[in-house]
Amino acid sequence: MRLLPDDPVKYLHQLGEAGDADRDIAGAALMLSALDNPGRDLDPYIAHLAEIAENSRLRASFAMDAESAGAALSSVVSGYYGYDGDRLAYDDPRNADLISVIDRRRGLPVALGIVYLHAMRAAGFRALGLTSPGHFLLQLEVRSSHVLIDPFNGGAGVERERLGTYPNMRSVGENPADSFQPVDDVDVLLRLENNQKIRAMQAGDAIRALTLTKRMVLIAPKRAELWVDLAQLHEGEGELAAARTAYGTCLMLAQPGAPLHNEAALGLEDLKRRLN
C-alpha cells in the first residue's frame, strides 16, 4: 500500500478527478475515515493494511483457482485478523468508518468488503464488488474461475443458487443472482458513505447528512444525482446560494429531458424566484 498524503480532502479530490477506475480502495476509505477522526495518527492503520496485504500475498500464492484463493484470503482476513460482520449493532455508524472497523474488527458488509478487496488485489487477483439493495458481496477471479465471497460472514463462499436466502435482500428479477450488479470502486466508496448518510437522516442530523453528501460529491463529481441531493440539503439548511450552484452543476451533468435534469431545473427556478 502506497504512502497516503497528509491532506485527505486533496487526496479525495484527486480520486474524484481520476474517474471510475480501480484504485487503492482501502487507502481512499481510510482518507474518508480520517475526515471524521481529525488528528488521529494514521500510521498504525496504514501499517495494518500493509500487513494484511503482505500476509494475503503469502497465503494465497499457491492458490490454483478462485475457490482455494478465497479460502486462503478468508483465513487471513477473518481467521487471523478476526474481521466479521457486526450482528449485535448493525446500524452503529462506526461500522461504516474504516478506522473504527479496523479498531473493532467489525463492520457493515461494504466496509468489510473494502478490506477484502484490498487483500484480494494485494494477492494479485481481480476482484470487484457486487451490490444489491440489501447486501454486498465480492466476486474473486483467479485464472478462468471465480467465486462469490460474503465479507459479512467470515469471507465464506456463496453459491449463486443460495443468493435468494439472504436476509433483507430484495430480488429484482426471477433469478436472485440478477439482483447483484457489479460496481466500480467509486460506487463501493459511495455506498460506504451513503450508509452513514442514511443513518444521519434517520437521526434527524441534517448537518451530518450534508457533510457526507459533500464528500460523496468530492469523490464522484460527475454523478448528477449527487448534486441534486447536495442542492436539496443546502436548501434545507437555508444555504440558497450553495443550493443554486449545486442545481446548476446537475443541469450541466444530467441529460436534457431526463427526470433528473427536470428536477434540477425546477429546483433552480424556484430558488431564483426566492432569491429575487
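Definitions and limits used
Residues numbered from 1 in each chain as written. Predicted model: local features only at pLDDT ≥ 70, side-chain atom pairs only at ≥ 80, totals over all residues. Heavy atoms only, no water. Helix = DSSP H or I, 4+ residues; strand = E, 2+ residues; numbered from the N terminus. Buried < 20%, exposed > 50% of the residue type's maximum accessible area, 1.4 Å probe, protein only. Areas by Shrake-Rupley, 256 points an atom, 1.4 Å probe, with all protein chains shown as cover. Phe/Tyr/Trp six-rings, centres within 6.5 Å; stacked < 30°, edge-to-face > 60°. Core = buried A, V, L, I, M, F, W, Y, C linked by side-chain atoms within 4.5 Å. Contact = heavy atoms within 4.5 Å. Salt bridge = Lys/Arg side-chain N within 4 Å of Asp/Glu carboxyl O. Pairing = 2+ DSSP bridges. Axes fitted to C-alpha atoms, helices over the stretch in contact; angles between N-to-C directions. Parallel < 35°, antiparallel > 145°, perpendicular 65-115°, else oblique. Left-handed = near helix turned anticlockwise from the far one by under 90°. Nonpolar A, V, L, I, M, F, W, Y, C, P; charged D, E, K, R; others polar.

S.K.: Which residues make up the overall build of the protein, and what values do they have?
M.R.: Counting its secondary structure elements, the protein contains 11 helices and seven strands. Considering the protein as a whole, with its 276 residues, one finds that 52% of them fall into the buried category. Accessible surface, the protein: about 13,000 Å² in total, of which carbon and sulfur atoms supply 51%.

S.K.: Lay out the packing of aromatic side chains in plain terms, naming residues and giving numbers.
M.R.: In total, this model carries two aromatic pairs according to the counting rule given. Measuring from centroid to centroid gives 4.8 Å for tyrosine 80 and tyrosine 81, while their planes differ by 90°, and the two rings are edge-to-face. Judged by its relative accessible area of 8%, tyrosine 81 falls in the buried class. Between tyrosine 90 and phenylalanine 152, the ring centres sit 5.6 Å apart and the planes meet at 70°, which makes this aromatic pair edge-to-face. Placement of tyrosine 90 in the loop between β1 (84-85) and α5 (98-104) and of phenylalanine 152 in the loop between β5 (145-150) and β6 (156-158) is noted, with a sequence separation of 62 residues between them.

S.K.: Just give me the short version of the environment of valine 77, but keep the residues and values in it.
M.R.: Within the secondary structure, valine 77 sits in helix α4 (residues 66-80). With 77 residues separating them along the chain, valine 77 and glycine 154 place their C-alpha atoms 8.0 Å apart.

S.K.: Give a description of the nonpolar core that names residues and reports values.
M.R.: Ranked by size, the top nonpolar core spans 80 residues in total, and within it Tyr83, Phe125, Leu140 and Leu189 carry the most contacts. The contacts of leucine 189, once residues within four sequence positions are left out, are Leu15, Ile25, Ala28, Ala29, Leu32, Ile114 and Ile219. Membership of the second largest hydrophobic core comes to six residues, among which are Leu128, Leu130, Leu148 and Phe180.

S.K.: Quick one: what's the story with the pattern of salt bridges, residue by residue and with numbers?
M.R.: All told, the structure shown has 16 salt bridges when counted by the stated rule. In this structure, arginine 199 and aspartate 91 form a salt bridge, with 2.9 Å as the shortest nitrogen-oxygen distance. Of this pair, arginine 199 sits in helix α7 (residues 185-202) while aspartate 91 is found in the loop between β1 and α5, placing the two residues 108 residues apart along the sequence. Ionic pairing is found between aspartate 187 and arginine 223, a salt bridge with its closest N-O pair at 2.9 Å. Of this pair, aspartate 187 sits in helix α7 while arginine 223 is found in the loop between α8 (206-219) and α9 (224-236), placing the two residues 36 residues apart along the sequence. Residue class for arginine 223 comes out buried when judged on its relative accessible area of 15%. Here the salt bridges share partners, and the residues they tie into one network are Glu235, Asp270, Arg273 and Arg274.

S.K.: Lay out the environment of leucine 12 in plain terms, naming residues and giving numbers.
M.R.: Inspection of the secondary structure assignment puts leucine 12 in helix α1 (residues 8-18). Not counting the four nearest positions on each side in its chain, leucine 12 is found in contact with Ala28, Met31, Leu32, Leu35, Leu218 and Ile219.

S.K.: Tell me what's going on with the sheet that holds strand β4 (residues 136-142), and back it up with residues and numbers.
M.R.: Across the sheet, five strands lie side by side as β6-β5-β4-β3-β7; this open sheet has antiparallel pairing. Edge positions in the sheet fall to β6 and β7 (181-183), since each has one partner strand and no second. The average undirected angle you get between the axes of adjacent strands in this sheet is 45°. Both β4 and β5 contribute to a ladder of five bridges, which runs antiparallel. Considered in β5, the bridge of leucine 138 is made with isoleucine 149. In this fold α4 packs onto β4, β5 and β6, with an angle of close to 125° to the strand it touches most, β4. Contacts from helix α6 (residues 109-122) reach β3 (126-131), β4 and β5, with the element oriented near 10° to β4.

S.K.: I'd love a proper account of the packing of α1 against helix α2 (residues 25-36), names of residues and values included.
M.R.: Contact pair α1 / α2: the axes reach a minimum separation of 9 Å and the direction vectors enclose 140°. Taken together, α1 and α2 sit at an angle that is classed as oblique. α1 and α2 meet at a crossing whose hand is left-handed. On α2, the residues touching Pro8, Val9, Tyr11, Leu12 and Leu15 of α1 are Gly27, Ala28, Met31, Leu32, Ala34 and Leu35. Among the residues making up the contact of α1 with α2, the classes are represented as 10 nonpolar, one polar and no charged.

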